Amino acid sequence: MAMLWKFMRVAKYSKTALSPKVKVRGIPTHSRHSSSKSVPSDFAAGTPYSNTVELLGKSYPQDDYSNVTEKILSKVGKNLHNRKHHPLWLIKEQVKEHFYKHYLGRRGTPLFSVYDGLSPVVTVQQNFDSLLIPQNHASRRKEDNYYLNRDHMLRAHTSAHQWDLIHSGLDAFLAVGDVYRRDTIDNTHYPVFHQMEGVRLFSCHELFSSIKDGEGLQLFEQGHRTAHKQECHTMEAVRLVEFNLKQVLTKLMTHIFGDG
């Protein structure tokens with residue numbers, strides 16, 4: 001396992017603790033390129049009936065947690081981020097172009113693979129548990145999410161796919177998709193919006209190879225959580241990943257908006 005950085009909705013970022021058991025390894029050349037198999041837009045997203053919700057070819061039994069509405073169901077599968085020349089598609093392509101051009105693997109192929117066709121229906125485990133979000137955390141509330149039932153929901157963030165992608169062996173990827181939260185509609189909020197996040201894992205060698213006397217530095221320590229780092233990471237590792245993340249974000253913003 002290694003250190004991780006990610007950015008959400010281009011300018012927003014956060015860090016997620018990962019289990020030390022996660023193993024970093026390379027990914028095949030063919031998987032470095034964009035995966036653009038979108039969910040079909042002409043899906044059968046029917047009105048809930050007979051205590052069942054039909055969505056994207058699957059049936060989900062309703063229970064006391066079911067709160068997704070017909071209006072929201074009609075939005076699922078539109079995949080605006082994959083519609084050529086749509087503003088969301090244009091931004092996505094700009095970000096992809098930047099990462100493909102400036103971040104290359106050992107063989108000269110793109111370091112980051114792109115996933116923009118993942119299903120917006122996820123399990124509660126994927127959306128919350130895999131990200132170590134406590135059972136009593138406010139972000140799990142029915143008032144804030146669209147639940148198909150107690151076990152399935154419309155993803156509230158693209159981070160719901162992080163665990164699966166990392167455990168498939170990926171160490172650098174971009175995830176793009178529509179996300180759903182029960183926001184009151186106003187000039188800055190809508191219950192359906194889009195996120196694009198990047199995740200990068202660093203091995204010890206990748207992080208410290210360019211540092212003088214870096215051979216003795218480590219990713220992990222038997223320490224304590226402070227205001228500046230998580231309990232398992234060394235301060236050296238935290239500072240280097242922080243520096244890397246800021247560089248990546250600055251270069252991305254310059255690419256999109258220009259030097260000014």
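Residues numbered from 1 in each chain as written. Predicted model: local features only at pLDDT ≥ 70, side-chain atom pairs only at ≥ 80, totals over all residues. Heavy atoms only, no water.

The name an unreviewed UniProt entry gives the protein is SYFM protein, with Pycnonotus jocosus as the organism.

A short note on the overall build of the protein
The condition is simple: Numbering goes from the N terminus for both helices and strands, where a helix is a DSSP run of H or I of at least four residues and a strand is a run of E of at least two. Throughout this description, buried means an accessible area under 20% of the type-specific maximum (1.4 Å probe, protein chains only), exposed means over 50%, and partly exposed covers the range between. Each accessible area is a Shrake-Rupley result for a 1.4 Å probe, and residues are judged covered by the shown protein chains and nothing else.
Secondary structure assignment for the protein yields six helices and nine strands. With 260 residues in all, the protein has 44% of them scored as buried. Accessible surface for the protein amounts to roughly 14,100 Å². Of this, 52% is attributable to carbon and sulfur atoms.

Details of the pairing of strand S8 (residues 172–180)
Heads up, the condition is: Any two strands with at least two DSSP bridges between them are considered paired.
Most of S8 sits inside the fold, with nine of its nine residues counted as buried. Pairing between strand S5 (residues 113–115) and S8: three bridges, direction parallel. Residue pairing across strands places Ser113 opposite Phe173, the latter belonging to S8. Relative to strand S9 (residues 192–202), S8 runs antiparallel, the two being bridged by nine bridges. Of the residues in S9, the one forming a bridge with Gly177 is Gln195.

Regarding the packing of helix H2 (residues 87–102) against helix H6 (residues 235–257)
Inclusion rule: To get an axis, a line is fitted to the C-alpha atoms, and for a helix only the part in contact is used. The angle between two axes follows their N-to-C directions and goes from 0 to 180 degrees. Should an angle fall under 35 degrees it is called roughly parallel, over 145 degrees roughly antiparallel, and 65 to 115 degrees roughly perpendicular, with every other angle called oblique. Left-handed describes a crossing whose near helix is turned anticlockwise from the far helix by less than a right angle; the clockwise case is right-handed. Contacts are assigned to residue pairs that have any heavy atoms within 4.5 Å of one another. When residues are grouped by polarity, Ala, Val, Leu, Ile, Met, Phe, Trp, Tyr, Cys and Pro land in nonpolar, Asp, Glu, Lys and Arg in charged, and all others, Gly among them, in polar.
For the pair H2 and H6, interaxial distance at closest approach is 10 Å and the crossing angle is 125°. With respect to each other, H2 and H6 are oriented oblique. H6 is crossed by H2, and the crossing has right-handed handedness. Judged by residue contacts, Gln94, Val95, Glu97, His98 and Phe99 of H2 engage Val248, Lys251, Leu252, His255 and Ile256 from H6. Looking at the contact of H2 with H6 residue by residue, the classes come out as five nonpolar, three polar and two charged.

What about the packing of aromatic side chains?
For clarity, the cut-off: Any two of the Phe, Tyr and Trp rings considered here, Trp counted by its six-membered ring, make a pair once their centres fall within 6.5 Å; the pair's planes then place it as stacked at under 30 degrees, edge-to-face at over 60, or tilted in between. Lysine NZ or arginine CZ positioned within 6 Å of the ring centre and within 35 degrees of the ring normal marks a charge as sitting over the ring.
Considering all chains together, one arrives at four aromatic pairs under this definition. Ring centres 4.9 Å apart and planes at 75° place the aromatic pair Phe99 and Phe112 in the edge-to-face group. Of this pair, Phe99 sits in helix H2 while Phe112 sits in the loop between H2 and S5; the two residues are 13 residues apart in sequence, bridging distant segments of the chain. Across the pair, exposure class does not vary: Phe99 and Phe112 are buried alike. Look at Tyr103 and Phe112: their rings are 5.9 Å apart centre to centre, the planes differ by 75°, and that puts the pair in the edge-to-face class. A relative accessible area of 14% means that Tyr103 is categorised as buried. Take Phe112: its relative accessible area is 0%, and that puts it in the buried class. What links up through ring pairs into an aromatic cluster is the set Phe99, Tyr103 and Phe112. We note Lys142 situated over the ring of Tyr65; from NZ or CZ to the ring centre the distance is 5.2 Å.

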